[in-house]
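A closer look at the structure
Here is how the chains run, residue by residue.
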Amino acid sequence: MSAEEAKSAMIVLRELQDKIAQDAWDAKNRGEKAGWCASNFPQEITTAMGIPVVYPENMGAAVGAKGGGQRMCEHAEGLGYSSDLCSYARINLAYSDLKECQELEIPFPDFLLCCNNICNCMIKWYENIALELDIPLILIDIPHLEGESCDEDRVRYIRAQFDDCIRQLEEITGKKMDYDRLREVMEISQRSSQAWLRAVGTMENTPSPFSGFDIFNNMAVACVGRGTVEAAEAFEQLADEYEALAAEGKSSFKGEEKYRILFEGIACWANLRTTYKGLQSRGINLTATIYGPAFSFLYQNLDELMAAYAMVPNCNCFERELELRVHDGLKNKVDGAIFHMNRSCKKWSGNLYEMERQFREITGVPTMVFDGDQSDPRCFSEAQYITRVEALTEIMESGKEATRR
């Protein structure tokens, strides 16, 4: 077996993430136009056109995880930005001003690609960057979906903007869209998405073949590179590894899996070790989450692609979002659920208490809520988190004891 074949999928994905970032730097150094891109923007466009883009949200998560979130957020606040603003935005706005960041740097953009299916904060954030850097902003507006499906009028509205985005990028970069290549990228994206969903789907097994926090570590490529063959192959390897562990009844989770939980919300990147250890030390494994699998987009043609980007979390009606959580919790046999009241993500957290209440009533499992933030550590209290995890553990144990009796 070669050294390449011996690498685990987790290592392959980490190296691929680094390669995609370096490719953007190399293209920029060659004089090519590069952009900053929102995470749920249709990556099929830039991948098919061979246009390098990087993702400020990924930078925000990485800077938070490496301990630089508070420093960068405070710098943005010193510029006049409110501490209530998304920490990803504050980190990116600080970087735009400082032009440097010791934890991670990304090439500066010649254009911006924004999509508001995440939140409307993205629009103002990218508008400010466009103004400060004096570069064009291309926006695809995806209206909030108040139903179970995406209607034809909505598909046509999004498709018109999709086509206009291609036209504008052709003018900015001088690169032309090859629609045969676009179809090829769409097919590759389906391979990546299906393999990623197959991988995270193995959490149904008892024990889960992996620690659910690995989703947070492995999901970046699903965002930045799912239209590449390398990504598809890496996710297929990951799914194969997890299925092999499940078939043997083994798990990479360290310790006995005593309890299984749903984790709702974005990870606390600045406090990832604390949130993980607080669970792992008590035999609690994360076996259900919407956040990681959300970066899979399934479709058969261009119209279905438009609909797929209109059905991401945060762009859906409350009833459908609740149904997704309940379905995942029951399918993956959770004993409890943890809801992250993320101070950054107002759209995600705005209905969280009602989501928690209805989830608890429908599933019958105990729940807890803790305060935190995706990249600003000032919003997180370790004492509060541990106390509430301890209380949840006691309730889950009482439930198991009652079942045994």
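Structural notes, computed from the coordinates. All values reported here derive from a predicted model rather than from experimental measurement.

Calculation criteria
Residues numbered from 1 in each chain as written. Predicted model: local features only at pLDDT ≥ 70, side-chain atom pairs only at ≥ 80, totals over all residues. Heavy atoms only, no water. Helix = DSSP H or I, 4+ residues; strand = E, 2+ residues; numbered from the N terminus. Buried < 20%, exposed > 50% of the residue type's maximum accessible area, 1.4 Å probe, protein only. Contact = heavy atoms within 4.5 Å. Salt bridge = Lys/Arg side-chain N within 4 Å of Asp/Glu carboxyl O. Patch = residues over 30% accessible without salt bridge, like charges linked within 9 Å, V, L, I, M, F, W, Y side chains within 5 Å. Areas by Shrake-Rupley, 256 points an atom, 1.4 Å probe, with all protein chains shown as cover. Lys, Arg positive; Asp, Glu negative; His and termini not counted. Charge placed at Lys NZ, Arg CZ, Asp CG, Glu CD.

Moving on, we get to the environment of Leu93. Checked against the element boundaries, Leu93 lands in helix H6 (residues 87-98). The class for Leu93 is buried, based on a relative accessible area of 2%. On a C-alpha basis, the gap between Leu93 and Gln300 in space is 37 Å, while along the polypeptide they are 207 residues apart. Beyond its immediate stretch of four places on either side in the chain, Leu93 contacts Leu79, Tyr81, Leu85, Trp125, Asn128, Ile129 and Glu132.

So, about the environment of Glu77. The topology assignment puts Glu77 in helix H5 (residues 69-78). Expressed as a C-alpha distance, the spacing of Glu77 and Leu93, which sit 16 residues apart in the sequence, is 9.6 Å.

This part covers the pattern of salt bridges. Under the counting rule described, the total for this entry stands at 35 salt bridges. The shortest N-O distance in the salt bridge between Arg325 and Glu264 comes to 2.9 Å. Of the two residues, Arg325 sits in helix H15 (residues 318-331) while Glu264 sits in strand E5 (residues 259-264), which places them 61 residues apart along the sequence. Here the residues in one salt-bridge network are Glu74, Glu77, Arg90, Asp376 and Arg378, joined through shared partners.

Let us look at a negative patch on the surface. A contiguous patch of negative charge on the surface is contributed by Glu146, Glu148, Glu319 and Glu323. Mapping Glu146 onto the fold places it in the loop between strand E4 (137-140) and helix H8 (152-173). Residue class for Glu146 comes out exposed when judged on its relative accessible area of 63%.

Nothing here speaks to function; it is geometry throughout.
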